[in-house]
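What follows is the residue order along each chain.
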Amino acid sequence: MAEPMLKFDAVDVFYGPVQALKQVSLSVQPGETVALIGANGAGKSTLLMSIFGQPRIAQGEIYFQGEPISQRSTHFIAASGIAQAPEGRRIFADMTVEENLQMGTIAIGSAHQKSDLARMYELFPRLLERRKQRAMTLSGGEQQMLAIARALMSRPRLLLLDEPSLGLAPIVVKQIFAILRELTQQGMTLFLVEQNARHALALADRGYVMANGEIRLSGSGQALLDNEEVRSAYLGGT
Ligand code: ATP
C-alpha cells in the first residue's frame, strides 16, 4: 500500500485530567475520502485540532506523508500541505468573497491566484455571482462554500473538513456534499468530521466511528451504513 497521507498511531490527548483521545489509530490514503463520525463530545474536533498541534498530543505520533508532525508548529503543518475548512466558517466577515479567496493563497504566494480563482468559481458558481459581496452578507451555506474554497486556494494535499453540514438546511447540505463529491472525483484527499453520518458515509471510501475518545468501529462507508450499531446510534435507527 502507498504511504498514508495522514496517519495517527496510538494517539492520546488530555485536557487536564480528562482524556479526550485514547490510543487513536487511523489512516487516510492519498486520494481517499475518509469520514470520522461520532456523537457530541466524542473527541472529533480534538482529533482534527491535534493535527495542527493544538492541543499537543501526550502519547503516540501523527504522521503526514510519513513525517512525524506532532512536534511541529501549526504554521509548518499548514505550509506543508494540510488545509482545514473550519466549523463555524471563520471567514473574514468584512472582506468580499474574492478578497477572502485571495487570502487563501497567503501561505503559497499568488503565482497561480488567477487560474485558481477561476477554478473555484467553476466549482462554486454561487461564489462567482457574489464575488464582490461582503462575506458577512452571505447565507450560511454560501459561507461554508467560501470556507471550503478558501482552504482549497492554498492548494492542499489534504483537506480537512469540520462539520461541513452544521446548521445548514437539507437542500444546502446536498449541494455541499455534491461539491465534495466532485472534489474527490478530481483526486483530492479528504478527511471529514461529521455528525451527519448518513451523508458523510455515503461520500466516504472509508469511515471511523468514535465514542468517548476511542475509535470503536471502522470499515468502508457502505459497510458502516449497513452496520446495525451505526444504524441505531447514528442513523436514527432506519
Ligand atoms: P462536538 O461535535 O460536540 O464538537 P467532538 O466529538 O468534536 O464534539 P470534542 O470537542 O473533541 O468532541 O470534545 C471531546 C471531549 O473533550 C469532551 O468531553 C469535551 O468536553 C472535552 N474538551 C474539549 N475541549 C476541551 C478543552 N479546551 N478543555 C477541557 N475539555 C475539553
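All values reported here derive from a predicted model rather than from experimental measurement.

Would you mind showing me how to read the packing of aromatic side chains here?
To describe a pair of aromatic rings, one takes the distance between the centres and the angle between the planes. Applying the stated rule across the entire model yields 0 aromatic pairs. Taking the ring centre of Tyr 63 as reference, the NZ or CZ of Lys 7 above it sits at 5.6 Å. Above the plane of the ring of Phe 76 lies Arg 72, whose end atom (NZ or CZ) is 4.0 Å from the centre.

Before we go on, may I ask you to explain the domain arrangement of the protein chain in this structure?
When the domains of the protein chain are assigned, the result is domain 1 (1–81 + 160–233) and domain 2 (89–156). Look at where the C-alpha atoms of domain 1 and domain 2 centre, and you get two points 23 Å apart. Contacts between the two partners involve 15 residues from domain 1 and, on the opposite side, 12 residues from domain 2. The contact between domain 1 and domain 2 buries some 1100 Å² in all, and 71% of this surface belongs to carbon and sulfur atoms. Viewed at the interface, domain 2 and domain 1 are joined by 0 salt bridges. Counting every contact that joins domain 1 to domain 2 gives 2 residue pairs in polar contact (both at pLDDT 80 or more). Per-element accounting of the side of domain 1 that touches domain 2 gives the leading share, 7 residues, to helix α7 (residues 170–185). Partitioned by chemical class, the residues of the side of domain 1 that touches domain 2 number 10 nonpolar, 3 polar and 2 charged.

Even after reading the chapter, I still don't get the sheet that holds strand β5 (residues 67–68), so can you show me in this structure?
Where strands meet in a sheet, backbone hydrogen bonds hold them as pairs that are either parallel or antiparallel. In spatial order, the strands read β2-β1-β4-β5; together these 4 strands make up an open sheet with antiparallel pairing. The open sheet has two edge strands with one neighbour each: β2 (18–28) and β5. Note: strand β1 (residues 6–15) against strand β4 (residues 59–64), 5 bridges, orientation antiparallel. For Asp 9, the partnering residue across the bridge sits in β4 and is Glu 61. In this fold helix α1 (residues 44–51) packs onto β1, β2 and β4, with an angle of close to 115° to the strand it touches most, β1.

About the thresholds
Residues numbered from 1 in each chain as written. Predicted model: local features only at pLDDT ≥ 70, side-chain atom pairs only at ≥ 80, totals over all residues. Heavy atoms only, no water. Phe/Tyr/Trp six-rings, centres within 6.5 Å; stacked < 30°, edge-to-face > 60°. Lys NZ or Arg CZ within 6 Å of the ring centre and 35° of its normal. Domains from an automatic or database assignment. Contact = heavy atoms within 4.5 Å. Buried area = accessible area lost by both parts, 1.4 Å probe. Salt bridge = Lys/Arg side-chain N within 4 Å of Asp/Glu carboxyl O. Polar contact = N/O pair within 3.5 Å; in protein donor to acceptor, adjacent residues only side chain to side chain. Helix = DSSP H or I, 4+ residues; strand = E, 2+ residues; numbered from the N terminus. Nonpolar A, V, L, I, M, F, W, Y, C, P; charged D, E, K, R; others polar. Pairing = 2+ DSSP bridges. Axes fitted to C-alpha atoms, helices over the stretch in contact; angles between N-to-C directions.

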